[in-house]
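The primary structure of each chain is shown beneath.
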Amino acid sequence: MAAAADHATPTYDRMKEVKEFAESKIGVKGLAESGITSIPRMFIHSPETLSDLKKPNSQTCTKKNIPLIDLSHFNSPTKRHQLVEQIRDATATWGFFQVINHGIPKSVLDETINAIKAFHDQPHEVKSKLYNREKERQGVMYSSNNDLYRAKAASWHDSLTIWMAPETRRAKEEEIPEVCRKEIVAWESHSTKVAEALLELLSEGLGVEAERFKNLGFLEGKLVVGHCYPYCPQPDLTVGITSHTDSGLTVLLQNQVGGLQVKHGDEWVDVEPIPGVLTVNIGDFIQIISNDNYVSVEHRVLAKASKEPRISVVAFFNVGTQADSDYFGPLPELLSPDKPALYRKFNVPEFNESFFSKGLDSKSFIQKVRL
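Residues numbered from 1 in each chain as written. Predicted model: local features only at pLDDT ≥ 70, side-chain atom pairs only at ≥ 80, totals over all residues. Heavy atoms only, no water.

K.L.:
Let's hear about the side chain of serine 191: which residues, and what values?
P.N.:
Note on placement: serine 191 falls in helix H7 (residues 181-205). A polar side-chain atom of serine 191 sits 2.7 Å from the main-chain carbonyl oxygen of tryptophan 187. Apart from residues no more than four positions distant in its own chain, serine 191 is found in contact with Ile104, Ala315 and Phe317. (Helix = DSSP H or I, 4+ residues; strand = E, 2+ residues; numbered from the N terminus. Polar contact = N/O pair within 3.5 Å; in protein donor to acceptor, adjacent residues only side chain to side chain. Contact = heavy atoms within 4.5 Å.)

Next up, the structure:
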């Protein structure tokens, strides 16, 4: 752990190293392929972060599992209520769950993963044309660590980010890299249908009308992100993605290389990759408007020394409006003299400013608006 102490070395100019890395546009995959045997200091995390890293399949790692839910009863008039209860309980206690029988063909899932891997496997000269740190939150962007300049330490992943909605930020189809264009468009369409079904179930779980979350606009802000977590020569000194919470509703597809962990109480629990399964979690926005009936929990991805990279494809669904005049807070239907609002109202620009202005691991919007 001696290397971690180098953070305190007065002569170390971290910002200089960050700037040089960003301007090289090679990403962490480029670093890994260069043959390095030790990671640059900018990726080394603090002793506090490193102290509780638990590798999958180790004896110390908690052997719990997040809930696995079968969506096949979504249209069943006699069994749908059981599905609503399962979703409600999972989201209230874990904030995470996995789903089977979600309606997306396995061929689509496999093609999506393969297409994102194909993008990241392209030569540096091809990917670097899309490398952009200025064009955040619109169009298409390839980068390593969207919080590179804001975080205390960088994490071991590269990302292809594609805005799919609202229309003012949506990437033009021809802007999406050809190597994964067809698959990204298909993934957006299929994952949106899954998200729409889940938003109905989440609404019903709160005892409000099935269209409540949809009518709030949770399908109007859509973002697809294809992450690559390449081989890391010193996985005990860094993380794939640092511990964080999400914003709205997240639908995740991952390959069979593990590493995702969810915080449950004081423990970190591995989310095992299961073929054909999607992983779902809710973020801060939904915890707030549910008035704490649902919880947004921390999660992270471990860095790995595996020669096979971890590939994940994430669809993020958020409220699309950017108007200063549109305010959100706990749903009025959930409030009573015995159950007062736990949060003040806020607008999306305030939420985004807090969410995107800090390092991924230092968001505190829930604490900021809690009454």
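K.L.:
Describe the packing of helix H5 (residues 106-120) against H7, with residues and values.
P.N.:
It is at 9 Å that the axes of H5 and H7 come closest, and there the two elements cross at 135°. Between H5 and H7, the angle falls in the class oblique. Crossing angle aside, the handedness with which H5 passes H7 is left-handed. Where H5 abuts H7, its residues Val108, Leu109, Glu111, Thr112, Ala115 and Ile116 lie against Lys182, Glu183, Ile184, Trp187 and His190. (Axes fitted to C-alpha atoms, helices over the stretch in contact; angles between N-to-C directions. Parallel < 35°, antiparallel > 145°, perpendicular 65-115°, else oblique. Left-handed = near helix turned anticlockwise from the far one by under 90°.)

K.L.:
Lay out the UniProt feature "domain: Fe2OG dioxygenase" (unreviewed entry) in the chain with the relevant residues and their values.
P.N.:
With numbering matched to this structure, UniProt assigns "domain: Fe2OG dioxygenase" (unreviewed entry) to residues 218-320. End C-alpha atoms of residues 218-320 are separated by 7 Å, and the span's content is 6% helix alongside 47% strand. (UniProt positions renumbered as here; feature names shortened; annotations may be inferred.)

K.L.:
Talk me through the environment of tyrosine 327; I want residue IDs and the actual numbers.
P.N.:
Along the chain, tyrosine 327 falls in strand E13 (residues 327-328). Considering only alpha carbons, one finds tyrosine 327 and asparagine 347, 20 residues apart in sequence, at a separation of 4.5 Å. The residues contacting tyrosine 327, other than those within four sequence positions of it, are Lys345, Phe346 and Asn347.

K.L.:
Lay out the sheet that holds strand E3 (residues 140-143) in plain terms, naming residues and giving numbers.
P.N.:
Spatially, eight strands are ordered E1-E2-E10-E7-E12-E5-E4-E3 in an open sheet, and the strand pairing comes out mixed. Because the sheet does not close on itself, it has two edges, and the strands there are strand E1 (68-70) and E3. Each neighbouring strand pair of the sheet contributes to a mean axis angle of 25°, computed without reference to strand direction. Looking at chain direction, strand E5 (residues 221-229) and strand E12 (residues 310-318) are connected through nine bridges and run antiparallel. Bridge pairing in E12 places glycine 226 opposite valine 313. (Pairing = 2+ DSSP bridges.)

K.L.:
Break down the packing of aromatic side chains for me, with residues and values.
P.N.:
Under the definition given, this model contains twelve aromatic pairs. Arranged with centres 5.6 Å apart and planes meeting at 85°, the rings of phenylalanine 213 and phenylalanine 218 form a pair that is edge-to-face. Phenylalanine 213 gets classed as buried once you look at its relative accessible area, which sits at 1%. According to the relative accessible area criterion, phenylalanine 218 is buried, its value standing at 0%. Their ring planes at 80° and their centres at 5.1 Å tell us that phenylalanine 346 and phenylalanine 365 sit as a pair that is edge-to-face. Pair noted here: phenylalanine 346 is in strand E14 (residues 346-347) and phenylalanine 365 is in helix H11 (residues 365-369), with a separation of 19 residues, a long-range link. By the burial criterion, phenylalanine 346 is buried, and phenylalanine 365 matches it. Put simply, the rings of Phe213, Phe218, Phe285, Phe328, Phe346, Phe351 and Phe365 touch in pairs and so form one group of aromatic residues. Over the ring of tryptophan 268 we find arginine 300; its NZ or CZ atom is 3.9 Å from the centre of that ring. (Phe/Tyr/Trp six-rings, centres within 6.5 Å; stacked < 30°, edge-to-face > 60°. Buried < 20%, exposed > 50% of the residue type's maximum accessible area, 1.4 Å probe, protein only. Lys NZ or Arg CZ within 6 Å of the ring centre and 35° of its normal.)

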